[in-house]
Amino acid sequence: NAGVTQTPKFRVLKTGQSMTLLCAQDMNHEYMYWYRQDPGMGLRLIHYSVGEGTTAKGEVPDGYNVSRLKKQNFLLGLESAAPSQTSVYFCASTIAGLHTGELFFGEGSRLTVL
Amino acid sequence: ELKVEQNPLFLSMQEGKNYTIYCNYSTTSDRLYWYRQDPGKSLESLFVLLSNGAVKQEGRLMASLDTKARLSTLHITAAVHDLSATYFCAVDYNAGNMLTFGGGTRLMVKP
């Protein structure tokens, strides 16, 4: 059972380039989340989705876009990368909201923007 | 805006000693989570505290929640080196849709 899988795990971009991070879960979870973690800080929520075809902004959404075209996948896009987006990105999912069960995290994707 | 603060941010302790990590949060919530993160790894769920007065224990770690004081504690008993990690608390916000994390406590247990 793979759980929550993130690709790629590492990426280096130049300022202004675009890229997409893919999160896939095989647990039939409704809710999915994208967080970023910066050195010495906790995780901050970028965007989340409560079901296929829906997305919502989190705490730090600027500079990012997301899509949830399929229930099992949640994509995080950077249209024009900036050095301030250098971070480790974590995807997470839960059955149907935090009140229904545990939050499962992926292994993280380390992004460096030069 | 919900704020979650942990202290201390860094803790170096000897094996065999006891210590407590504190997590304060600024608005009403009945659900609090503790996670462990090893360097370069993902987050591992330790405890979910669901009501005022909740206490959970696993091995040398014990977590408690006081919703009236908006305070949770993670108590470490007779620390061992394997407990070295960064510990995060997180509070449920927006009716089960979002977690707000504290800044983390980096714990180093020395032999």
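These figures come from a predicted structure and were not determined experimentally. (Residues numbered from 1 in each chain as written. Chains lettered and ligands numbered in written order. Predicted model: local features only at pLDDT ≥ 70, side-chain atom pairs only at ≥ 80, totals over all residues. Heavy atoms only, no water.)

Student: Go over the overall build of chain B with me, naming the residues and quoting the values.
Tutor: Of the regular secondary structure elements, chain B holds 0 helices and 11 strands. Listed by position from the N terminus, the elements making up chain B come as β-β-β-β-β-β-β-β-β-β-β. Whereas a compact globule of 111 residues would reach a radius of gyration of roughly 13 Å, chain B reaches 13 Å, a difference of no more than 12%. Expressed as lengths along the three principal axes of its C-alpha atoms, the size of chain B is roughly 40 × 30 × 20 Å. Each of the 111 residues in chain B was classed as buried or not, and the buried ones make up 46%. Contacts spanning at least 24 positions in sequence make up 54% of the contacts within chain B whose residues lie at least 6 apart. Summed over its atoms, the accessible surface of chain B is roughly 5,500 Å², and 49% of this surface lies on carbon and sulfur atoms. Taking the average place of the 11 positive charges on the side chains of chain B and the average place of its 10 negative ones, the gap between the two points comes to 3 Å. (Helix = DSSP H or I, 4+ residues; strand = E, 2+ residues; numbered from the N terminus. Rg over C-alpha atoms; globule rule 2.2 N^0.38 Å. Buried < 20%, exposed > 50% of the residue type's maximum accessible area, 1.4 Å probe, protein only. Contact = heavy atoms within 4.5 Å. Areas by Shrake-Rupley, 256 points an atom, 1.4 Å probe, with all protein chains shown as cover. Lys, Arg positive; Asp, Glu negative; His and termini not counted. Charge placed at Lys NZ, Arg CZ, Asp CG, Glu CD.)

Student: I'd love a proper account of the layout of surface pockets, names of residues and values included.
Tutor: Empty space within the largest pocket amounts to approximately 740 Å³. In this structure, the largest pocket is lined by 33 residues; those nearest its centre are Gln37(A), Arg110(A), Gln37(B), Pro39(B) and Gly40(B). Elements with a minimum of two residues in the lining of the largest pocket: β9 (87-94) and β11 (109-113) of chain A together with β9 (85-93) and β11 (105-110) of chain B. A per-element tally of the lining of the largest pocket places β11(A) first, with 4 residues. For the lining of the largest pocket, the per-class residue count stands at 13 nonpolar, 13 polar and 7 charged. Considered as a void within the structure, the second largest pocket measures approximately 240 Å³ in volume. (1 Å grid on protein atoms, 1.4 Å probe; cavity = no way out; pocket = protein on both sides within 12 Å on 5 of 7 lines; lining within 4 Å. Points joined across faces, edges and corners; volume = space filled by probe spheres on them. Nonpolar A, V, L, I, M, F, W, Y, C, P; charged D, E, K, R; others polar.)

Student: An account of the nonpolar core is needed here, citing residue identities and associated values.
Tutor: One broad rule of soluble globular proteins: the nonpolar side chains tend to lie buried together. Residue and element names in this part refer to chain B. Ranked by size, the top nonpolar core spans 25 residues in total, and within it Leu 32, Trp 34, Leu 74, Ile 76, Tyr 87 and Leu 107 carry the most contacts. Only β2 (10-14), β3 (19-25), β4 (32-37), β5 (43-49), β7 (61-66), β8 (71-76), β9 and β11 provide two or more residues apiece to this core. The element contributing the most residues to this core is β9, with 4 residues. Beyond its immediate sequence surroundings of up to four residues, Tyr 87 is in contact with Gln 6, Ile 21, Tyr 35, Arg 36, Leu 46, Leu 61, Leu 74, Gly 104, Thr 105 and Leu 107. (Core = buried A, V, L, I, M, F, W, Y, C linked by side-chain atoms within 4.5 Å.)

Student: Please set out the packing of aromatic side chains residue by residue, giving values where relevant.
Tutor: Given two aromatic rings, one states the distance between the centres and the angle between the planes to describe the pair. Inspection of every chain in the model, using the stated rule, returns 9 aromatic pairs over all chains. Consider the rings of Tyr64(A) and Tyr89(A), whose centres lie 5.9 Å apart with planes at 65 degrees: the pair is edge-to-face. Of this pair, Tyr64(A) sits in the loop between β6 (56-57) and β7 (65-67) while Tyr89(A) sits in strand β9, and the two are 25 residues apart along the sequence. As far as the burial class goes, Tyr64(A) and Tyr89(A) line up, both buried. One aromatic cluster in this structure is built from Tyr33(A), Tyr35(A), Tyr48(A), Phe105(A), Tyr35(B), Phe88(B) and Phe101(B). (Phe/Tyr/Trp six-rings, centres within 6.5 Å; stacked < 30°, edge-to-face > 60°.)

Student: Hey, could you go over the state of the cysteines for me, with residue numbers and the actual values?
Tutor: Residues and elements named next belong to chain A. Evaluated as defined, the whole model comprises 2 disulfides over all chains. Residue Cys 23 pairs covalently with Cys 91 via a disulfide, S to S 1.9 Å. In this structure, the disulfide formed by Cys 23 and Cys 91 twists by about -75 degrees around the S-S bond and is classed as left-handed. Of the two residues, Cys 23 is situated in strand β3 (residues 19-25) and Cys 91 in strand β9; the sequence distance between them amounts to 68 residues. Just as Cys 23 is buried, Cys 91 falls in that class too. (Disulfide = S-S within 2.5 Å.)

Student: Which residues make up the sheet that holds β3(A), and what values go with them?
Tutor: Residues and elements named next belong to chain A. On the basis of which strands lie adjacent, the open sheet formed by 4 strands has the order β1-β3-β8-β7 and antiparallel pairing. Here the strands that pair on one side only, and so sit at the sheet edges, are β1 (4-7) and β7. Neighbour-to-neighbour, the strand axes of this sheet turn through a mean angle of 20 degrees, independent of strand direction. The pairing of β1 with β3 spans 4 bridges and is antiparallel. Across the sheet, Thr 5 pairs through a bridge with Ala 24, a residue of β3. (Pairing = 2+ DSSP bridges. Axes fitted to C-alpha atoms, helices over the stretch in contact; angles between N-to-C directions.)

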